Amino acid sequence: MLVMILGLVLFLGTHAFSMARAKRGEVIGRIGEGRFKLGYTLLSVLGLILTVYGYGLYRQEGMIPVWSPPLWTRHLAVLLTLFAFISLAAAYLPGHLRARLKHPMLLAVKIWATAHLLANGDLGSILLFGSFLAWAVVARISAKRRALTAGQVAQQHGGQAAPAGWRNDAIAVVVGVVAWFVFGKYLHPLLIGVAAWPGQA
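In this text, all values refer to a predicted model and were calculated from it rather than measured experimentally. (Residues numbered from 1 in each chain as written. Predicted model: local features only at pLDDT ≥ 70, side-chain atom pairs only at ≥ 80, totals over all residues. Heavy atoms only, no water.)

Participant: So what exactly am I meant to see when it comes to the nonpolar core here?
Facilitator: Nonpolar side chains tend toward joint burial in soluble globular proteins. In terms of nonpolar packing, the biggest core is built from 16 residues, with Leu8, Leu12, Tyr55, Leu128, Phe132 and Trp135 touching the most fellow members. Every element with two or more residues in this core is listed here: helix H1 (2-17), helix H3 (33-61), helix H6 (104-119) and helix H7 (123-149). Each of domain 1 (1-61) and domain 2 (64-200) accounts for three or more of the residues forming this core. With sequence-adjacent residues up to four places away left out, Leu12 is seen in contact with Ser131, Phe132 and Trp135. (Core = buried A, V, L, I, M, F, W, Y, C linked by side-chain atoms within 4.5 Å. Buried < 20%, exposed > 50% of the residue type's maximum accessible area, 1.4 Å probe, protein only. Helix = DSSP H or I, 4+ residues; strand = E, 2+ residues; numbered from the N terminus. Domains from an automatic or database assignment. Contact = heavy atoms within 4.5 Å.)

Participant: What is the right way to read the packing of aromatic side chains from this model?
Facilitator: The way to describe two aromatic rings as a pair is by their centre distance and the angle between their planes. In the structure shown here, the tally under the stated rule is ten aromatic pairs. Members of the aromatic cluster, connected to one another through ring pairs, are Phe11, Tyr55, Tyr58, Trp112, Phe129 and Phe132. (Phe/Tyr/Trp six-rings, centres within 6.5 Å; stacked < 30°, edge-to-face > 60°.)

Participant: What exactly am I supposed to notice about the packing of H6 against H7 here?
Facilitator: Packed helices, taken two at a time, are described by the angle their axes make and the gap between the axes. Contact pair H6 / H7: the axes reach a minimum separation of 9 Å and the direction vectors enclose 155°. Judged by the inter-axis angle, H6 sits roughly antiparallel to H7. Crossing of H6 against H7: the hand is left-handed. On H7, the residues touching Leu106, Val109, Lys110, Trp112, Ala113, Thr114, His116 and Leu117 of H6 are Ser125, Ile126, Phe129, Gly130, Phe132, Leu133, Trp135, Ala136, Val137, Ala139 and Arg140. (Axes fitted to C-alpha atoms, helices over the stretch in contact; angles between N-to-C directions. Parallel < 35°, antiparallel > 145°, perpendicular 65-115°, else oblique. Left-handed = near helix turned anticlockwise from the far one by under 90°.)

Below is the structure:
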């Protein structure tokens, strides 16, 4: 579990540092934006690799049970992750969904983390998904404060301007549903080693 915790500290710590705009600006001023972005990317990738690898080791060594989630939480988690995938797709497609959600990628992380916290009752999963949920909540609060400080009150309350029509929103929903189905049904057992859908072996 220590490897996973180290990965979380690197990955989430790097992302959390970017919220400290003054410190971030000082570092960029000293080393340059190019070097900062390179270091940010390398630390994030290393942290993510260590987190995934460490979680795999933790599962192999024997998970530490804290509570036993009822079966219905797995069904609920599958449903919630559908909305997470749609929200994630909307983050890359300007439309009414992205405008209304304001920060769809952070919302996707919050939904994803909450779904997995509901369906997993072991200590490692609680640390992993709880950390991502806490980071996403703090990141959303930080983004809102930065917008208000910059005088973007109208944007915060009205959302980003959405283009005319619903084409991108329809695409986001279709892409999200397809990605949710393919990943949950086939890739999750293959890559994570855990059957995500109830009824799967």
